[in-house]
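# Results of the structural survey
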Amino acid sequence: MKETSLGLERRVKSRLVNFTLLLSPKTQPSMKGYTSTVKSPVLVAAIFISGIGGTFQYGFHISVLNSPSLFIKELVNSTCQQRYGYSLEPWELSLIWSFIVSIYSVGGLAGTLYAGHLAGAYGRKTTLLLNNVVAICGAVLMLLSKTALSFEMIMVARVLYGINAGVSLTVHTMYILECAPKRLRGMVGVSVASFVSMGKFFGQLLGISEVLGTEERWIWLLAFSGAAGLLQLLTLPFLPESPRYLLLEKADKHGCETALRRLWGAKKDPRPEMEEMLAEHASLKGVKIHRLMDLFLDHNVRWQLLTVIVTFVTLQLCGINAVYLYSFDVFQAAGIAKENLRYAALGTGLCEVSTSIACVLIIESTGKRLLLFRGYLCMAASLALLTLTLYLQDFVSWMPYCSMVIIFIYIVFFSSGPAGVTAPLPGEIFTQSYKPPAFMVACVLNWTGLFLVGMLFPLIVEHMDYFCFLIFFVFCFFSGVFVWFHVPETKNKTVLEITEDFKKMHQKRRHSLQSKLSSVHINNIQTSVCTKL
């Protein structure tokens, strides 16, 4: 009994020690950031209000067309029959449907090209407010399209939705990053991707037949973005303008301090971070906002530009759309009934949302560089294994279950890595004068990639089947290697510190390469001299 009581006492002490270590400041930086965010209710409100009319719209329109596709195709055919007395051939109907889907990216690209200019000229907050009017106009057209028997109204509405998403994807990211304190910037930045995931999930959830995915209610499903835009239009005026914009572009020091105190709480002294902003402002004094061409010609930001290009290209070419497409086949092979596949698809969307939200809690303690590197390489490994299991599922009866597990693992690493880190990256690695063109490049790449994937992916799948994952494997693997060797950590650093880290990282590599070349050259000379002697 004595030995038993001693053993129990030791176990209790051990657990108390572990619990103490768990609560230590070194192991709980993310909880500190979470607590700080909760103590700033206006900042929390800014995150939710800017997100619901921001990147939520982008994610919603990526997934929302899956459910009402049959109803929209029926409307297209009915319109042609009533107007022209002509029933469309299957290939003609598919062509019009592809155009309805793809034209969203065209509108998004147009919105992106003007977003940086609008944000610089009118401010982040005003641009977001005006952008909601575009979404509401698109929703009105969607609601009238069925009554007017006009699929052209759906096309115009998709263009307007694309413009709205293109502007919000850029300006929402700029606004929320500039409202957040430095120590919370990583956590708040991940909320941009969290709202994209939430938009995808709500597009799937509202599209089921029990909600809005019916022949009578599908137009309300497509008009839901108008409600999200109206919500932001009514609530955003109560939030302050971006403090960074007020100080650095409007030179309104008093307005900046007032905005910071509202966002971060009256007890927190905003002056230290204002001094950092002013230091950046002093270093940029007399420097105008750079144009797009300046970004490509300036060698000082070459590696930052390459980082944006690599990460945003891979964001679309990492294979996430292919994984979602094949998930239906994998789930069906695993024994899930065909009528229940939509609920299984909801599971993948919920997995992405929950992982994205969990990423908010770990990003401050882990760092963006590690999340990107680990995410890309684990995604590459998952794609390679998924290709193998899909190949073997005709030969091994339990292999579909492995494929199903790998799909969820892939989604977890995508949501906790590239999806959560990539969107706010241009705002963290570029100075104020380069931010508008940097976000423009990032969003142009994103929309172009989305358009190309939408147009070319069906052809790739038709010719390569599940071996198409090997293409995405290459992109994920080499992007992970690029991040490890060429991208510094951005956690708890100012833009100027990150810029200096980029310079140091590549100067060291250049010097080491030059020293190696010079040593090789000296050895060659010595060898030739010895040979002559």
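Residues numbered from 1 in each chain as written. Predicted model: local features only at pLDDT ≥ 70, side-chain atom pairs only at ≥ 80, totals over all residues. Heavy atoms only, no water.

As recorded by an unreviewed UniProt entry, the protein chain carries the name Major facilitator superfamily (MFS) profile domain-containing protein and is attributed to Cirrhinus molitorella. Under Sequence similarities (unreviewed entry), UniProt gives the following word-for-word description of the protein chain: "Belongs to the major facilitator superfamily. Sugar transporter (TC 2.A.1.1) family." Under Subcellular location (unreviewed entry), UniProt gives the following word-for-word description of the protein chain: "Membrane". (UniProt positions renumbered as here; feature names shortened; annotations may be inferred.)

In terms of helices and strands, the protein chain carries 25 helices and zero strands. Residue pairs in contact within the protein chain that sit at least 24 positions apart in sequence constitute 81% of those at least 6 positions apart. Carbon and sulfur atoms make up 68% of the accessible area of the protein chain, which amounts to about 25200 Å² in all. (Helix = DSSP H or I, 4+ residues; strand = E, 2+ residues; numbered from the N terminus. Contact = heavy atoms within 4.5 Å. Areas by Shrake-Rupley, 256 points an atom, 1.4 Å probe, with all protein chains shown as cover.)

Tracing the chain through its elements places Arg158 in helix H8 (residues 151-179). Glu152 is the oppositely charged side chain nearest to the buried, salt-bridge-free Arg158, at an N-O distance of 14 Å. Setting aside its immediate chain neighbours within four residues, Arg158 contacts His61, Leu65, Ile100, Val101, Ile103, Tyr104 and Met142. (Buried < 20%, exposed > 50% of the residue type's maximum accessible area, 1.4 Å probe, protein only. Lys, Arg positive; Asp, Glu negative; His and termini not counted. Salt bridge = Lys/Arg side-chain N within 4 Å of Asp/Glu carboxyl O.)

Glancing now at the environment of Leu292. With respect to the helices, strands and loops of the structure, Leu292 is situated in helix H15 (residues 292-297). Residues in contact with Leu292, not counting those within four places in the same chain, are Pro437, Met440 and Val441.

This next bit is on a nonpolar patch on the surface. A grouping of Tyr391, Phe395, Met464, Phe467, Leu470, Ile471 and Phe475 is seen on the molecular surface, where their side chains present a nonpolar patch of about 630 Å² in accessible area. Among the elements that line the nonpolar patch, the one with the most residues is helix H24 (residues 469-486), at three residues. Checked against the element boundaries, Tyr391 lands in helix H19 (residues 368-392). Taking relative accessible area as the criterion, Tyr391 reaches 39% and is therefore assigned partly exposed. (Patch = residues over 30% accessible without salt bridge, like charges linked within 9 Å, V, L, I, M, F, W, Y side chains within 5 Å.)

Glancing now at the nonpolar core. Formed by 70 residues in total, the largest nonpolar core has its most connected members in Tyr58, Ile72 and Trp447. The residues touching Trp447, leaving out its near neighbours within four places in the chain, are Tyr58, Tyr104, Ser105, Gly108, Leu109, Thr112, Gly162, Ala165, Gly166 and Leu169. (Core = buried A, V, L, I, M, F, W, Y, C linked by side-chain atoms within 4.5 Å.)

A few words now on the environment of Gln82. Note that Gln82 resides in helix H5 (residues 69-84). The class for Gln82 is exposed, based on a relative accessible area of 62%. Put simply, Gln82 and Leu149 are 67 residues apart on the chain and 8.9 Å apart in space, counted from C-alpha to C-alpha.

Moving on: the pattern of salt bridges. Evaluation of the coordinates by the stated rule reveals ten salt bridges. Measuring nitrogen to oxygen at the nearest pair gives 2.7 Å for the salt bridge that ties Glu152 to Arg83. Here Glu152 is found in helix H8, whereas its partner Arg83 is found in helix H5, with 69 residues between them in sequence. With a relative accessible area of 28%, Glu152 lands in the partly exposed category.

Take the packing of helix H16 (residues 302-317) against H24 next. Think of two packed helices as two axes; the pair is described by the angle between the axes and how far apart they sit. Where H16 contacts H24, the two axes come as close as 10 Å, and the packing angle between them is 155 degrees. The pairing of H16 with H24 is recorded here as roughly antiparallel in orientation. For the pair H16 and H24, the sense of crossing is left-handed. Counted together, Trp303, Leu306, Thr307, Val310, Val313, Thr314 and Leu317 of H16 and Phe472, Phe475, Cys476, Ser479, Phe482 and His486 of H24 form the full contact between these two elements. Tallied by class, the residues present in the contact of H16 with H24 amount to nine nonpolar, four polar and no charged. (Axes fitted to C-alpha atoms, helices over the stretch in contact; angles between N-to-C directions. Parallel < 35°, antiparallel > 145°, perpendicular 65-115°, else oblique. Left-handed = near helix turned anticlockwise from the far one by under 90°. Nonpolar A, V, L, I, M, F, W, Y, C, P; charged D, E, K, R; others polar.)

Interhelical geometry of helix H4 (residues 55-63) versus H8 gives an angle of 140 degrees and a closest axis separation of 7 Å. The angle between the axes of H4 and H8 places the two elements in the oblique class. In terms of crossing hand, the pair formed by H4 and H8 is left-handed. Counted together, Thr55, Gln57, Tyr58 and His61 of H4 and Arg158, Tyr161, Asn164, Ala165, Ser168, Leu169 and His172 of H8 form the full contact between these two elements. Residues belonging to the contact of H4 with H8 are distributed by class as follows: four nonpolar, six polar and one charged.

When you line up the elements, Leu70 lands in helix H5. For the pair Leu70 and Trp97, spaced 27 residues apart in sequence, the C-alpha to C-alpha distance is 10.0 Å.

Burial analysis of H4 places eight of its nine residues in the buried class, the great majority of the element. Of the residues making up H4, those classed as buried are Thr55, Phe56, Gln57, Tyr58, Gly59, Phe60, His61 and Ser63.

In this model, helix H7 (residues 124-148) (25 residues) spans 36 Å end to end at C-alpha, consistent with the 36 Å of a helix rising 1.5 Å per residue. Taken together, the buried positions of H7 are occupied by Arg124, Lys125, Thr127, Leu128, Leu129, Asn131, Asn132, Ala135, Gly138, Ala139, Met142 and Ser145. Two residues or fewer past H7, Leu149 is found with a positive phi of approximately 50 degrees. (Expected span 1.5 Å × (residues − 1).)

What follows covers unusual backbone geometry. Backbone geometry at Leu149 places phi at a positive 50 degrees, although glycine is not the residue there. By secondary structure assignment, the location of Leu149 is in the loop between H7 and H8. For Leu149, a relative accessible area of 22% puts it in the partly exposed group. Although it is not a glycine, Ala251 adopts a positive phi angle of roughly 55 degrees.

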